[in-house]
Amino acid sequence: MRFVAIGDSFTEGVGDVLPDGRERGWADLAAQGWADAAGRPIQYANLAIRGKLAWPIVEQQLEPALALHPTHLSFNGGGNDMLRPRTDVEHIADAFSRVLRRCDEEGVTMILLSGANPSGQLPMGSLVQRRGDLLSEAVLRRIENRPDVIRALNWPDRELSDTAYWSEDRLHMNAAGHHRVAARVVHALGFEPPEPWWAPSERGGARPSGFAYYREHVGPWVRRRVTRTSSGDGRAAKYPTWVERTPS
């Protein structure tokens with residue numbers, strides 16, 4: 001099996017930080033969990049880069065990913081689009097259609113993910129909730145007659161909206177959140193993930209709130225919008241070519 005992941009910070013693994021400072025994330029976990037459950041090596045690549053909008057993901061990552069000749073390709077996008085003032089949900093959903101069409105043409109199985117729902121803890125959360133609901137509906141309409149598409153849908157998961165699964169910025173999942181998403185992916189592939197992946201081992205401590213939260217997390221995001229920069233500017237994919245994950 002050859003599994004390649006494309007996307008933004010959700011797929012890159014932002015929020016799931018290892019002791020050495022590297023970021024892991026659900027895709028890394030799922031690749032290892034797949035190898036463990038299947039009892040065979042998995043070739044794995046991850047081209048995701050934080051800060052990317054849905055269509056730039058498709059335009060910049062899809063063809064390099066397909067050039068690796070994967071058997072499976074995962075795609076998620078739209079989370080950054082939903083935070084922008086003007087968002088065309090149908091246009092975002094069209095990106096999913098493009099990915100599916102190219103996977104069909106190349107004989108690749110698509111793994112479709114929806115992101116987890118952070119709206120309950122975000123400023124303007126009701127807007128994010130509404131847009132996320134609309135995007136989920138629009139994407140599902142495009143694959144309603146495609147049982148061959150592997151679905152790992154996290155947006156409807158109310159448990160995953162609990163603060164125990166989120167990092168201090170309230171926008172990216174922590175290790176517990178990434179483990180739960182990885183569990184859903186492994187399960188969607190037809191295997192049983194480790195049971196502890198479904199729930200956090202501890203509930204976490206205090207997080208910044210009020211002015212401290214806006215200073216540390218909202219302010220930098222606003223500055224990037226004003227200066228038209230991205231947190232992914234200058235970053236390269238962490239696994240642009242195959243790495244092997246063997247059963248542990």
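Up top is the structure.
Small disclaimer: the values here were computed from a predicted structure and weren't measured.

Undergrad: Explain the environment of Asp148 here, please?
TA: Relative to the helices and strands, Asp148 resides in the loop between helix H5 (125–142) and strand S5 (150–153). When the C-alpha positions of Asp148 and Met110 are compared, they lie 8.1 Å apart, and in sequence the two are 38 residues distant. At 2.6 Å, the side chain of Asp148 forms a polar contact with the side chain of Arg146.

Undergrad: What am I meant to see in the packing of helix H3 (residues 54–66) against helix H4 (residues 89–106) here?
TA: Two numbers describe how H3 lies on H4: the axes approach to 10 Å, and their chain directions differ by 10°. The angle between H3 and H4 falls in the class roughly parallel. Where H3 abuts H4, its residues Ala54, Trp55, Val58, Leu62, Glu63 and Leu66 lie against His91, Ile92, Asp94, Ala95, Arg98, Val99, Arg102 and Glu106.

Undergrad: Would you explain empty space enclosed by the protein in this entry?
TA: Gaps between atoms show up when a probe of the same size as a water molecule is rolled over them. Under the defined criterion, the tally for this structure stands at one cavity of 30 Å³ or more. In this model, the largest cavity occupies a volume close to 30 Å³. Considering the residues around the largest cavity, the lining is formed by Phe96, Ser97, Leu100, Met110, Val139, Arg142 and Ile143. Broken down by secondary-structure element, the contributors of at least two residues to the lining of the largest cavity are H4 and H5. It is H4 that provides the largest number of residues to the lining of the largest cavity, a total of three residues.

Undergrad: Would you take a moment to explain the packing of aromatic side chains for this structure?
TA: Any pair of aromatic rings gets described here by the distance separating the centres and the angle formed by the planes. One pass over the structure, following the stated rule, counts five aromatic pairs. Their ring planes at 40° and their centres at 5.8 Å tell us that Phe10 and Trp26 sit as a pair that is tilted. Highlighted residues: Phe10 in helix H1 (residues 9–12) and Trp26 in helix H2 (residues 26–38), separated in sequence by 16 residues. Here the aromatic residues Phe3, Trp34, Tyr44 and Tyr239 are joined through ring pairs into a cluster of three or more.

Undergrad: Honestly, the pairing of strand S4 (residues 109–114) in this entry has me stumped. Any pointers?
TA: Side chains on a regular strand alternate between the two faces of the sheet. The buried fraction of S4 is high, at five of six residues. Direction of pairing for strand S3 (residues 72–75) relative to S4: parallel, over a ladder of four bridges. Its bridge partner being in S4, His72 is matched across the sheet by Thr109. Chirality of the crossover, the property in question, places the unit of S3, H4 and S4 among those that are right-handed. Two elements, S4 and S5, share four bridges in a ladder whose sense is parallel. Within the sheet, the bridge partner assigned to Leu112 lies in S5 and is Arg151. At this point the chain moves from S4, through H5, to the parallel S5, and the crossover so formed is right-handed.

Undergrad: Mind showing me how you'd approach the side chain of Arg180 here?
TA: Within the secondary structure layout, Arg180 lies in helix H6 (residues 175–188). Filtering out sequence-adjacent residues up to four positions away, Arg180 remains in contact with Asp157, Glu159, Leu160, Tyr165, Trp197 and Trp198.

Undergrad: So what exactly am I meant to see when it comes to the environment of Pro194 here?
TA: Counting through the fold element by element, Pro194 comes out in the loop between H6 and helix H7 (210–226). Measuring from C-alpha to C-alpha, the distance between Pro194 and Arg141 comes to 32 Å, with 53 residues separating the pair along the chain.

Undergrad: Sorry if this is basic, but what is going on with the layout of surface pockets here?
TA: Here the second largest pocket is characterised by a volume of approximately 490 Å³. Of all elements in the fold, only H1, S4 and H5 reach the threshold of two or more residues within the lining of the second largest pocket. Split by residue class, the lining of the second largest pocket holds 19 nonpolar, 12 polar and one charged.

Calculation notes
- Residues numbered from 1 in each chain as written.
- Predicted model: local features only at pLDDT ≥ 70, side-chain atom pairs only at ≥ 80, totals over all residues.
- Heavy atoms only, no water.
- Helix = DSSP H or I, 4+ residues; strand = E, 2+ residues; numbered from the N terminus.
- Polar contact = N/O pair within 3.5 Å; in protein donor to acceptor, adjacent residues only side chain to side chain.
- Axes fitted to C-alpha atoms, helices over the stretch in contact; angles between N-to-C directions.
- Parallel < 35°, antiparallel > 145°, perpendicular 65-115°, else oblique.
- Contact = heavy atoms within 4.5 Å.
- 1 Å grid on protein atoms, 1.4 Å probe; cavity = no way out; pocket = protein on both sides within 12 Å on 5 of 7 lines; lining within 4 Å.
- Points joined across faces, edges and corners; volume = space filled by probe spheres on them.
- Phe/Tyr/Trp six-rings, centres within 6.5 Å; stacked < 30°, edge-to-face > 60°.
- Buried < 20%, exposed > 50% of the residue type's maximum accessible area, 1.4 Å probe, protein only.
- Pairing = 2+ DSSP bridges.
- Right-handed = clockwise from strand over helix to strand, strands pointing away.
- Nonpolar A, V, L, I, M, F, W, Y, C, P; charged D, E, K, R; others polar.

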